[in-house]
Amino acid sequence: MLKICLASDHRGVHIKAKLMQSLAAAGFTVSDEGTNSDTACDYPDLASLVAKKVSNGEADRGILICGTGIGMAITANKFLGVRAASCYDEVLIEMSRRHNDVNVLCLPGDLIGERPIDDLVLLWLKTEFDGGRHNKRVQKICTIEKANLRCDSAAAESAQPSSGPKGPQR
């Protein structure tokens, strides 16, 4: 059975708690990487915990929940071997697995609405990667990732967030 790790920021904490219970009941091995409070927190810290576990093989898949899922996906995609996507409906969930072999699902806690979240997540966990022509494309993504990976940890630690894009101002 798959090892799944979950994390959410304050905007997804209630959804995460529900998912933890339903995934455990379905027989999945689950780990909770936080947060467990609705006190405001920073999603990059939590996304990093899950993405690191997926990247190094401690978990097979990860699930992240924030307001839109976008910030979590951006953060998770900074880790080697992680393919994260923000998905909110059945079509995106299924295609993320079939065509892109997404291993970190980022859910938009504010946008899910009344959709049965358990059903969406179970669909994602049960959907297999199609391989074939999609495998070639995923391998190209991996090649691009490796070619652009910064290995200089000192540079990464000293990097400061930019104030915006560089280049001509419009």
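First, a word on scope: everything that follows refers to the structure included in this document. (Residues numbered from 1 in each chain as written. Predicted model: local features only at pLDDT ≥ 70, side-chain atom pairs only at ≥ 80, totals over all residues. Heavy atoms only, no water.)

Here's the deal with the pairing of strand β3 (residues 61-66)
Strand residues, when the strand is regular, have side chains that alternate between the two faces of the sheet. Here is the rule we go by: Burial classes: relative accessible area under 20% of the type maximum marks a residue as buried, over 50% as exposed, and values in between as partly exposed (1.4 Å probe, protein chains only). Comment: elements are numbered from the N terminus, with helices defined as DSSP H or I runs of at least four residues and strands as E runs of at least two. Here, strands pair whenever DSSP counts at least two bridges between them.
Most of β3 is tucked away, with six of its six residues classed as buried. In β3, alternate side chains face the same way, and those of R61, I63 and I65 on one face and G62, L64 and C66 on the other are all buried. Pairing between strand β1 (residues 3-8) and β3: five bridges, direction parallel. Residue pairing across strands places C5 opposite G62, the latter belonging to β3. Note: β3 against strand β5 (residues 104-108), five bridges, orientation parallel. The partner of L64 across the bridge, within β5, is C106.

Points about the sheet that holds strand β4 (residues 84-86)
Strand pairing in a sheet takes place through backbone hydrogen bonds and is either antiparallel or parallel in direction. Selection criterion: Between N-to-C directions, angles span 0 to 180 degrees; the directions come from axes that are lines fitted to C-alpha atoms, helices contributing only their stretch in contact. By the convention used here, residues are in contact when the closest approach between their heavy atoms is within 4.5 Å.
With parallel pairing, the five strands of this open sheet are ordered in space as β2-β1-β3-β5-β4. Both edges of this open sheet fall to β2 (29-32) and β4, since each of them pairs with a single strand only. Neighbour-to-neighbour, the strand axes of this sheet turn through a mean angle of 20 degrees, independent of strand direction. Helix α1 (residues 13-25) rests against β1, β2, β3 and β5 of the sheet, and its axis sits at about 165 degrees to β1.

A few points about the nonpolar core
The nonpolar side chains of a soluble globular protein tend to be buried with one another. Our working definition: What we call a nonpolar core is a set of buried Ala, Val, Leu, Ile, Met, Phe, Trp, Tyr and Cys residues that are connected through their side-chain atoms within 4.5 Å.
With 20 residues, the main nonpolar core has L19, L23, I63, L105, L107, I117 and V121 as its most contacted residues. Residue assignment for this core shows that the elements contributing at least two residues are β1, α1, β3, β5 and α5 (117-126). The element best represented in this core is α5, accounting for five residues. Once residues lying within four places of it in the same chain are set aside, the contact partners of L19 are L6, I63, I65, L107, I117, D118 and V121. Of all hydrophobic cores here, the second largest spans 17 residues; its members include A59, C66, V82 and V104.

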